[in-house]
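Spelled out, the chains give:
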Amino acid sequence: MLLLMPFGRDGALAARALREASLTYLICSDMPDLCDRVGEGAGAAMITEEALDAEAMQCLREEIEKQSPWADLPLIIFVSRPSAELKVRSFEALGPRANITLIERPVRVKTMISAAGAALRARRRQYEVRDLLDELEQRVTERDNFLAMLSHELRNPLAAITLAADIDDRDVIARQTRHLKKLVDDLLDIGRVTSGKIMLHRTPVDFGDIVEHCVATMQPRVEARRLHVEVHRETEQAWIDGDAVRLEQVVNNVLANAIKYTPPDGWINVVLERDDGEVVLRVRDSGKGIAPEMLTRVFDLFMQGDVALDRSEGGMGIGLTLVRKLTELHGGSVRAYSRGPGSGSEFVIRLPLGAPPTGISERTRTTTTSAPRHIVLIEDNADIRDLLRLKLNHLGHTVETAEDGVKGLETVLSAKPDIALVDIGLPGLDGYDLARQVREKLGNDVYLVALTGYGQADDRKRALEAGFDVHLTKPADMVDLQNVLARAR
């Protein structure tokens, strides 16, 4: 509370009352002094009318008009009779933004303290609004930066695919398509994680094997940047009750981050150890390092350090967010350490130890060759339909196609194929209704595979409830699709 009461005993009495009410105050020498204090975070001002001559009124009005749009400094003014209405008119010179409360003399201490408390509470809410506006502005800035990054990240592979299509370079098309798929998968995953819709498929997994597999997968990128990577597995017991796919995602994102920010000829150390009932993964690098103020923020959504305009290091600022969210879903934690820019960084992931399995199953993905099958492919996108038909034909399968739900149902009922690959968002009759009618009329004679862009947990559940045997999310990996065809009844 700022006090400007230069005459009489008002100042001393007000100060004592505020002190006894445990309210903080500051006595100002004149109006310019009070106006200077307003910008330092004042809660309210308590002024006697005698201090408000024409010059002081002009000074106060100028200060009020300089306030931010969210600010509304409360003014409590001690006045003497005559009427309050006349007094209000006399203070109109302070302008329309002045927030004035008049207290008539003789001033009752209870009335003054009540007015002061109400003014300070109102002012505190204003500062809370300011903080909220600042946070929203920061989020909008981060969103805009993310959209700019996303457009860059998507245009690069699309440009490469376009050029490769002109010269029929299938390796480039396949590589850039996989890159696009990862970008889209990361975007979908962060949406599922933040909305609490992601599901873990837990089994006993050897975290050490996952780490070694991820390092091997990253080897081409390591060699391209001439990096030296060392792996130290200091424990053979690294069993975790977790989702192997999601744990690979965690390790891959941490390794990719280290590779991205470590300059050529640098080093990366990967250490796996046990500590007090936990499996600990440490990924150290000789890279760019992290500023102290960024150490806790690197895991925030869309957050990145300084990024050059050329975007040569790529990324959308969601990889480390996924690392933290997925690690926490497994009951673990992740922290970043660095001595600052230019000194490298270290990411430490801790996960609770789990019980080893009674029998160890093969976890690597292999392709199972299917015997020739009679397949009906129902897909409304002509390019996807034609390319997938050609691929399936090349693998030795007989394929009939349909471009909508109605024709697709007719084809399945008449052809009675071994397998039907069905898009969900079909014109005429959607995939769910098609599956129900197939099950009603043909029972389990046809193996139904939902091949769709709807990939959340609820979508999988709905597909299985409609009668599908398997749910695959577009763009389906051909290894996964071949394995599904091989497993079909």
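Please read all numbers here as calculations on a predicted model, not as lab measurements. (Residues numbered from 1 in each chain as written. Predicted model: local features only at pLDDT ≥ 70, side-chain atom pairs only at ≥ 80, totals over all residues. Heavy atoms only, no water.)

A. Focus on the overall build of the protein chain. When helices and strands are counted, the protein chain shows 15 helices and 17 strands. Burial analysis of the protein chain (489 residues in total) assigns 44% to the buried set. A sequence separation of at least 24 residues applies to 72% of the contacts in the protein chain between residues at least 6 apart. Carbon and sulfur atoms form 51% of the exposed surface of the protein chain, whose accessible area is close to 26,000 Å². (Helix = DSSP H or I, 4+ residues; strand = E, 2+ residues; numbered from the N terminus. Buried < 20%, exposed > 50% of the residue type's maximum accessible area, 1.4 Å probe, protein only. Contact = heavy atoms within 4.5 Å. Areas by Shrake-Rupley, 256 points an atom, 1.4 Å probe, with all protein chains shown as cover.)

B. Summary view of the sheet that holds strand E14 (residues 398-402). Spatial strand order, E14-E13-E15-E16-E17: 5 strands in an open sheet with parallel pairing. Every other strand in the sheet has two partners, leaving E14 and strand E17 (470-473) as the edge strands with one partner each. Across the sheet, the mean angle separating the axes of adjacent strands is 20 degrees when strand polarity is ignored. Here 5 bridges tie strand E13 (residues 374-378) to E14, and the two strands are oriented parallel to one another. The residue of E14 that forms the bridge with Leu377 is Thr401. Where helix H11 (residues 382-394) meets the sheet, it contacts E13, E14, strand E15 (419-422) and strand E16 (447-452), and its direction lies at approximately 170 degrees from that of E14. (Pairing = 2+ DSSP bridges. Axes fitted to C-alpha atoms, helices over the stretch in contact; angles between N-to-C directions.)

C. Up close: the confidence of the model for the protein chain. Averaged over all residues, the pLDDT of the protein chain equals 83, while 84% of them reach at least 70. Below a pLDDT of 50 lies the segment residues 306-314, which in the model reaches 11 contacts outside its immediate sequence neighbourhood of four places, other chains included. Ignoring residues within four places in sequence, the model shows residues 359-365, a span with pLDDT below 50, making 8 contacts including any to other chains. (pLDDT = per-residue confidence, 0-100.)

D. Geometry of the packing of H11 against helix H15 (residues 478-487). Contact geometry of H11 with H15 gives a least axis separation of 13 Å together with a crossing angle of 60 degrees. Taken as axis vectors, H11 and H15 run oblique relative to one another. Note that H11 runs across H15; the crossing there is right-handed. Contact residues: H11 offers Leu388, Lys391 and Leu392, while H15 offers Met478, Leu481 and Leu485. (Parallel < 35°, antiparallel > 145°, perpendicular 65-115°, else oblique. Left-handed = near helix turned anticlockwise from the far one by under 90°.)

E. How the structure looks around the sheet that holds strand E2 (residues 26-27). In spatial order, the strands read E2-E1-E3-E4-E5; together these 5 strands make up an open sheet with parallel pairing. What marks the edges here is a single partner per strand, and that holds for E2 and strand E5 (99-104). Bridge count for strand E1 (residues 2-4) against E2 is 2 bridges, and the pairing is parallel. Across the sheet, residue Leu3 finds its bridge partner in E2, namely Ile27.

F. View of the nonpolar core. Phe207 and Leu281 are the most contacted members of the largest nonpolar core, which has 41 residues in total. Listing elements by their share of this core, those giving two or more residues are helix H7 (207-217), helix H9 (244-261), strand E9 (267-275), strand E10 (278-285), helix H10 (319-329), strand E11 (333-337) and strand E12 (345-352). Ranked by residues supplied to this core, first place goes to H9 with 9 residues. Phe207 has contacts with Ala238, Ile240, Leu247, Val251, Leu272, Val279, Leu281 and Leu351, leaving out every residue within four places of it along the chain. Counting 23 residues, the second-largest nonpolar core is a separate cluster that includes Leu34, Ala45, Ala51 and Leu73. (Core = buried A, V, L, I, M, F, W, Y, C linked by side-chain atoms within 4.5 Å.)

G. Spotlight on unusual backbone geometry. With an omega of -5 degrees, the peptide bond between Arg105 and Pro106 qualifies as cis. Phi is positive for Asp276, close to 50 degrees, though the residue is something other than glycine. When you line up the elements, Asp276 lands in the loop between E9 and E10. Accessibility expressed as a relative area gives 75% for Asp276, which makes it exposed.

H. Representation of a nonpolar patch on the surface within the structure. Judged by side-chain polarity, Val129, Leu132, Leu133 and Leu136 come together as a nonpolar surface patch covering roughly 350 Å² of accessible area. Within the secondary structure, Leu132 sits in helix H5 (residues 109-167). (Patch = residues over 30% accessible without salt bridge, like charges linked within 9 Å, V, L, I, M, F, W, Y side chains within 5 Å. Salt bridge = Lys/Arg side-chain N within 4 Å of Asp/Glu carboxyl O.)

I. Representation of the packing of helix H2 (residues 31-38) against helix H3 (residues 54-66) within the structure. Close contact between H2 and H3 brings their axes to 9 Å; oriented N to C, the two are set at 10 degrees. With respect to each other, H2 and H3 are oriented roughly parallel. Across the interface between the two elements, Met31, Pro32, Leu34, Cys35 and Val38 of H2 pack against Ala56, Cys59, Leu60 and Glu63 of H3. Among the residues forming the contact of H2 with H3, the class breakdown is 8 nonpolar, no polar and 1 charged. (Nonpolar A, V, L, I, M, F, W, Y, C, P; charged D, E, K, R; others polar.)

J. How the structure looks around the pattern of salt bridges. Per the counting criterion, the structure on display carries 20 salt bridges. One salt bridge in this structure joins Glu65 and Arg61, with 2.9 Å as the shortest N-O distance. Separated by 4 residues within a single helix, Glu65 and Arg61 lie in helix H3, roughly one turn from each other. A salt bridge links Asp131 to Arg130, with the shortest nitrogen-to-oxygen separation between them at 3.0 Å. Taking the relative accessible area as the measure of exposure, Arg130 reaches 29% and is therefore partly exposed. Overlapping salt bridges bring together Asp10, Glu49, Glu50 and Arg105 as one network.

K. Looking closely at the state of the cysteines. Inspection of the entire model under this criterion finds 0 disulfides. Free of any disulfide, Cys28 has its nearest cysteine sulfur in Cys35, 8.9 Å distant. For Cys28, a relative accessible area of 5% puts it in the buried group. (Disulfide = S-S within 2.5 Å.)

L. Local environment of helix H13 (residues 431-442). Relative to the 16 Å expected for 12 residues at 1.5 Å per residue, H13 spans 16 Å between its end C-alpha atoms, a close match to the ideal helical length. Where H13 starts, the residue carrying a side-chain oxygen 3.0 Å from the main-chain nitrogen of Tyr432 turns out to be Asp430. Phi turns positive, to about 60 degrees, at Gly443, one or two residues after H13. (Expected span 1.5 Å × (residues − 1). Polar contact = N/O pair within 3.5 Å; in protein donor to acceptor, adjacent residues only side chain to side chain.)

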